[in-house]
Amino acid sequence: MKAFVVDAYGKEGLRAAELPEPTVGRRDVLVRVRAASINPLDTMTRNGEFKRLIKRKPPFVLGHDVAGVVAAVGAGVRDFTVGDEVYARPRDLRIGTFAEYIAIDQDDVAPKPSSLTFQEAAAVPLVALAAWQILVDRADVHPGQKVLVHAGAGGLGSTVIQLAKHLGATVATTSSTPTTALVTDLGAEVVVDYTEQDFSRDLSDYDLVVDSLGGQNLEKSLTVVRPGGLVIGVAGPPDAGFAEQLGAPSFFRIAMTLLSRKVRKRAQALGVRYEFFFMQASGSQLRQLAALYDSGVLRPVIDKTFSFAQTKQAMEYVEQGGTRAGKVVLTMD
Ligand SMILES: NC(=O)c1ccc[n+]([C@@H]2O[C@H](COP(=O)([O-])OP(=O)(O)OC[C@H]3O[C@@H](n4cnc5c(N)ncnc54)[C@H](OP(=O)(O)O)[C@@H]3O)[C@@H](O)[C@H]2O)c1
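In this text the structure is predicted, and so the values were computed from the model without any measurement.

The next subject is the pairing of strand β12 (residues 206-211). Counted residue by residue, β12 has six buried out of six residues, so it is predominantly covered. Here strand β9 (residues 146-149) pairs with β12 via three bridges, running parallel. Looking at the pairing, L148 lines up with V209 of β12. When β12 meets strand β13 (residues 225-233), the two strands line up parallel, connected through five bridges. Each bridged residue has a counterpart across the sheet, and for V209 the counterpart in β13 is V231. Read from β12 through helix α7 (residues 215-221) to β13, the crossover connection turns out right-handed.

And the structure:
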């Protein structure tokens, strides 16, 4: 099968390759890929940013999001049969959606939202799972709360806006001038144009801020939450909870405690909380999310579609900041 493989960590590390089809384990669903999508995590993974924490050795196939058709199932698979249309974000040690086929643990797979095309469905899993796990599992957002999500035009931000709105929150976001209309249409009631205004001057008393930019943006985010409120950082710095989630040795726990020390101390001084967040694969949550896409509560935002053969160009397009709004999708069609 054709695949895009990380041969060696680094910017030049991705190449087209011919590989044998994956073996299908007892619990696995073999998916014939119809579409995949690109996430910033693909660049980080290719560059080896997580190589000490998530131990996968090159060569490996890149890609975290997929929609496709079930081509075979393992003997222990009960909920899927050949021909089913599915979507998934495979677990960290079993990524590899930039390929014609991928074998995925059945627990990470769900039926594709029937109202979405394969291209649309491939744009969903990672960002939708992250949005769900942040807003529902971690922050327990409920009606009447105020949520600020940064970069509302991005793959993650565009999904968080819609889900937070659905949960009954008043949603604010930051965006540039050309994407203001989009984020308003998605449900943001307060839009701060980050090219002209400083959000920390205009906003206050938020229950939750989702920060995907880090650095100064994160520090300023701490100042706009109410006392006791929560700032969730998805771009770092990581904290001890992340090391625990990965089952990393105690050395990493200490290292991550130190990495986030400054921001946690600042948060404590302001009477607010800071937590790092890293999403996890979940087929059962993708089933719940599929219902929200099929009922029109959520919709994917797609910036551009490339053919599978153009995977390297698509990665470059994303890395050079070509994306204006939403996800970049790779299609096998
Ligand atoms: N930890 C996790 O589990 C997790 C999960 C998902 C994503 N993430 C992280 O979250 C970040 C965003 O991911 P993504 O998929 O949404 O990326 P993305 O789609 O590439 O987001 C790009 C968007 O960011 C906006 N942007 C750029 N600079 C900005 C600024 N200073 N203020 C506000 N908006 C700005 C741009 O919008 P405009 O066009 O309006 O400028 C652009 O549309 C990445 O670092 C990613 O790794 C983490």
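Here we take up the pattern of salt bridges. For the structure on display, the rule yields 17 salt bridges. One salt bridge connects D105 with R27, and the closest N-O pair in it is separated by 2.9 Å. Of the two residues, D105 sits in strand β7 (residues 101-105) while R27 sits in the loop between β2 (14-18) and β3 (28-38), which places them 78 residues apart along the sequence. Judged by relative accessible area, R27 falls into the partly exposed class, the value being 36%. The partner of R91 in a salt bridge is D108, with the nearest N and O atoms 2.8 Å apart. Highlighted residues: R91 in the loop between β6 (85-88) and β7 and D108 in the loop between β7 and β8 (109-111), separated in sequence by 17 residues. Residue D108 is classed as buried on the basis of its relative accessible area of 3%. When salt bridges with common partners are traced through the structure, they connect R27, R91, D105, D107 and D108 into a single cluster.

On to the domain arrangement of the protein. According to the domain assignment, the protein consists of domain 1 (2-124 + 300-331) and domain 2 (126-276). Taking only C-alpha atoms into account, the centre of domain 1 sits 26 Å from that of domain 2. With 15 residues of domain 1 at the interface, the matching set in domain 2 holds 17 residues. Taking both sides of the interface into account, the surface hidden between domain 1 and domain 2 amounts to around 1,200 Å²; carbon and sulfur atoms contribute 73%. Broken down residue by residue, the surface that domain 1 buries against domain 2 is led by L53, V124 and V301, which jointly contribute 40%. For the pair domain 1 and domain 2, the number of links is zero salt bridges.

Let us look at the pairing of β7. Within β7, five of the five residues are buried, which leaves the element mostly enclosed by the surrounding structure. Side chains Y101, A103 and D105 project from β7 onto one buried face, and the interleaved I102 and I104 project onto a second face that is buried too. When β3 meets β7, the two strands line up antiparallel, connected through five bridges. Across the sheet, the residue bridging to D28 is D105, located in β7.

How each quantity is defined
- Residues numbered from 1 in each chain as written.
- Predicted model: local features only at pLDDT ≥ 70, side-chain atom pairs only at ≥ 80, totals over all residues.
- Heavy atoms only, no water.
- Buried < 20%, exposed > 50% of the residue type's maximum accessible area, 1.4 Å probe, protein only.
- Helix = DSSP H or I, 4+ residues; strand = E, 2+ residues; numbered from the N terminus.
- Pairing = 2+ DSSP bridges.
- Right-handed = clockwise from strand over helix to strand, strands pointing away.
- Salt bridge = Lys/Arg side-chain N within 4 Å of Asp/Glu carboxyl O.
- Domains from an automatic or database assignment.
- Contact = heavy atoms within 4.5 Å.
- Buried area = accessible area lost by both parts, 1.4 Å probe.

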